[in-house]
Amino acid sequence: MQMIVAVDKYWGIGYKNKLLVSIPADMKLFRSETMGNVIVMGRKTLESFPGQQPLKGRTNIVLTGDPEYKVKGAIVVHSIPELLEELSGYDSDSIYIIGGETVYRQMLPYCDTVHVTKIDHAYQADAHFPNLDEMEEWEITADSEEQTYFDLIYNFLKYTRKKLD
């Protein structure tokens, strides 16, 4: 199972239920990685999408504690055990956790790859991703050339969970 996220220099991911910044190359990477695959998100992440609608071309799974919550075009689950049961029917490599903060934190133990767009800028953020650089079980296994978008500098990183002997 994989995660995909864009973070600022302090691992911030959002503010007031919106992304911190929209970088076209990051959006393109997100589309190319997730298209045709399974994406897992929380309710607030889904509601941050245009028209609060599931993303086309992907299997959308929404995790919410609200037992009444329904959304056309998405599978809705209400607990981590229910989510894991639903995901057991899919190839693990085709599953991407896409946010937000609570879902990332709950699902990180089940993932072995995290695609991180790391932006060298500090934004005001009220949602954060766990700092993988401070976790010894994670290592950077791929790093792009430095990218720029106007005055922003960022890198595409791939973190992989270390295999324990």
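Shown above is the structure to which this text applies.
Residues numbered from 1 in each chain as written. Predicted model: local features only at pLDDT ≥ 70, side-chain atom pairs only at ≥ 80, totals over all residues. Heavy atoms only, no water.

J.: With reference to specific residues and values, describe the sheet that holds strand β3 (residues 18-19).
T.: Strand order in the open sheet formed by 3 strands is β3-β2-β9, with antiparallel pairing between adjacent strands. Edge positions in the sheet fall to β3 and β9 (127-128), since each has one partner strand and no second. Bridge count between strand β2 (residues 12-15) and β9: 2 bridges; the pairing is antiparallel. By the bridge assignment for β9, G12 is matched with H128. (Pairing = 2+ DSSP bridges. Helix = DSSP H or I, 4+ residues; strand = E, 2+ residues; numbered from the N terminus.)

J.: Please give an account of unusual backbone geometry that cites residues and values.
T.: Here the amide bond leading from G99 into G100 is cis, since omega sits at 0°, within 30 degrees of zero. Mapped onto the secondary structure, G100 falls in the loop between β7 (95-99) and α4 (101-107). Here K16, not a glycine, exhibits a phi torsion of approximately 55°, which is positive. With respect to the helices and strands, the residue K16 is situated in the loop between β2 and β3. Of note, the phi angle at F150 is positive, near 55°, even though the residue is not glycine. If you trace the backbone, F150 turns up in the loop between β11 (147-149) and β12 (152-161).

Taken by themselves, the reported measurements are silent on function.
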